[in-house]
Amino acid sequence: AALLLLLPTLVELRRRGASDRRALAAQREWFAALTDHASDYVLVLDERGIVTFASRAMEQILGVSPAELVGRDSLDHKHEPDRAAVAAAFQRALENPGQPVVAEYQVQHRDGHLVMVSGTARNMLADPAVRGIVVNVHDISAERRMAREQLAAERQMREILDTLPLMVFSVEAQ
């Protein structure tokens, strides 16, 4: 008889559990849709710098799947000359919880070419929902290339002006 009294409660708990699982699955799908197609990728590192999470957007940027990085040292895919600076930025993030630490460095694409990125790390090890150092990484290769091209064009213009047999004045309106 006691079981018959508990049956409606058990059915309700089971219904709620299924509803909670559907809601959790919907949240995961929503998060994946946002991060998988983002222009930046996200890494979460443990206190030793080991990758515990990598967003799928890195496949588009670096040609590397998240599964290839999870469990590995985050320095493994950095360009060798930049590793010391990235390690120093990681150390600053460890020492300054909650504060953003920015570093620019190169990472190697699967096909071998180097990609210039800007990474912003934030130590969230104390946050029980994260328990890691979150690194948002943005590809800045195009911006760097355009800046180099602009400098080259300005140098070329100066060289042309310097070789002219005329005097050229620049007047600014006040």
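The shown structure was predicted, so the numbers you read here are calculated from the model rather than taken from an experiment.

Draft legend 1. Quick look at the layout of surface pockets. Empty space within the largest pocket amounts to approximately 210 Å³. Along the walls of the largest pocket sit 19 residues, with Leu-45, Ser-74, Val-86, Phe-90 and Val-135 positioned nearest its centre. Of all elements in the fold, only strand E1 (40–45), helix H4 (83–95), strand E3 (100–108) and strand E4 (114–124) reach the threshold of two or more residues within the lining of the largest pocket. Top contributing element to the lining of the largest pocket by residue count: H4, with four residues. Residues that form the lining of the largest pocket fall into these classes: twelve nonpolar, four polar and three charged.

Draft legend 2. Structural detail: H4. Between its terminal C-alpha atoms H4 stretches 18 Å, which fits the 18 Å expected from 13 residues at 1.5 Å a residue. Buried residues of H4: Val-86, Ala-89, Phe-90 and Ala-93, and no others. The arc enclosing the buried residues of H4, seen along the axis, measures out at 100°, which places them on a common side. Turned more than 90 degrees from where H4 packs its buried face, Ala-84 and Glu-95 sit exposed.

Draft legend 3. Summary view of the sheet that holds E4. The five strands lie next to each other as E2-E1-E5-E4-E3, forming an open sheet whose pairing is antiparallel. Two strands bound the open sheet, and with one partner strand each, they are strand E2 (51–54) and E3. If you compare each strand with its neighbour and ignore which way they point, the axes differ by 25° on average. With nine bridges connecting them, E3 and E4 associate as antiparallel partners. In the sheet register, Gln-108 faces E4, and the bridge partner there is Leu-114. Where H4 meets the sheet, its contacts fall on E1, E3, E4 and strand E5 (132–139), and the angle it forms with E3 comes to roughly 155°.

Draft legend 4. Up close: the nonpolar core. Ranked by size, the top nonpolar core spans 25 residues in total, and within it Tyr-41, Leu-43, Leu-62, Tyr-105 and Val-135 carry the most contacts. Among the secondary structure elements, those contributing two or more residues to this core are E1, E2, helix H2 (57–62), H4, E3, E4 and E5. Filtering out sequence-adjacent residues up to four positions away, Leu-62 remains in contact with Tyr-41, His-77, Val-107, Gln-108, His-109, Arg-110 and Val-115.

Draft legend 5. Inspection of the pairing of E5 at higher detail. In the sheet, E1 pairs with E5 via six bridges, with the strands oriented antiparallel. By the bridge assignment, Leu-45 is partnered in E5 with Ile-133. One ladder, built from eight bridges, connects E4 with E5; its direction is antiparallel. Residue Met-124 lies in a different strand from E5, and its bridge partner there is Gly-132.

Rules behind the numbers
- Along each chain, residues carry numbers from 1 onward, in the same order as the chain's sequence is written.
- Given that the model is predicted, a residue must reach a pLDDT of at least 70 before its local features are reported, and side-chain atom pairs must reach 80 or more before they are shown or counted; all residues, however, enter totals for whole chains, interfaces and linings.
- Excluded from the side-chain calculations are hydrogens and water; all other atoms, namely the structure's heavy atoms, are used.
- The pocket and cavity definitions rest on a 1 Å grid over protein atoms only: a 1.4 Å probe that fits but cannot leave marks a cavity, an open set with protein on both sides within 12 Å along at least five of seven lines marks a pocket, and residues lining either have an atom within 4 Å of a point.
- Grid points are joined across faces, edges and corners, and a volume is the space filled by probe spheres set on the points.
- Runs of H or I in DSSP of at least four residues are treated as helices and runs of E of at least two as strands, each being numbered from the N terminus.
- Side-chain classes are defined by residue name, with Ala, Val, Leu, Ile, Met, Phe, Trp, Tyr, Cys and Pro counting as nonpolar, Asp, Glu, Lys and Arg as charged, and the others, Gly among them, as polar.
- To estimate the expected span of a helix, subtract one from its residue number and multiply by 1.5 Å.
- Note on exposure labels: buried denotes an accessible area under 20% of the residue type's maximum, exposed denotes more than 50%, and partly exposed covers the range between, all computed with a 1.4 Å probe on protein chains only.
- The arc under discussion is defined with respect to the helix axis, by the directions toward the C-beta atoms.
- Each pair of strands is called paired provided DSSP finds at least two bridges between the two strands.
- All axes are obtained by fitting lines to C-alpha atoms, using only the stretch in contact for helices, and the reported angles, taken between N-to-C directions, cover 0 to 180 degrees.
- Whether two residues are in contact is decided by their heavy atoms, any of which lying within 4.5 Å being enough.
- Among buried residues, those of type Ala, Val, Leu, Ile, Met, Phe, Trp, Tyr and Cys that are joined through side-chain atoms within 4.5 Å constitute a nonpolar core.

By themselves, these figures tell us nothing about what the structure is for.
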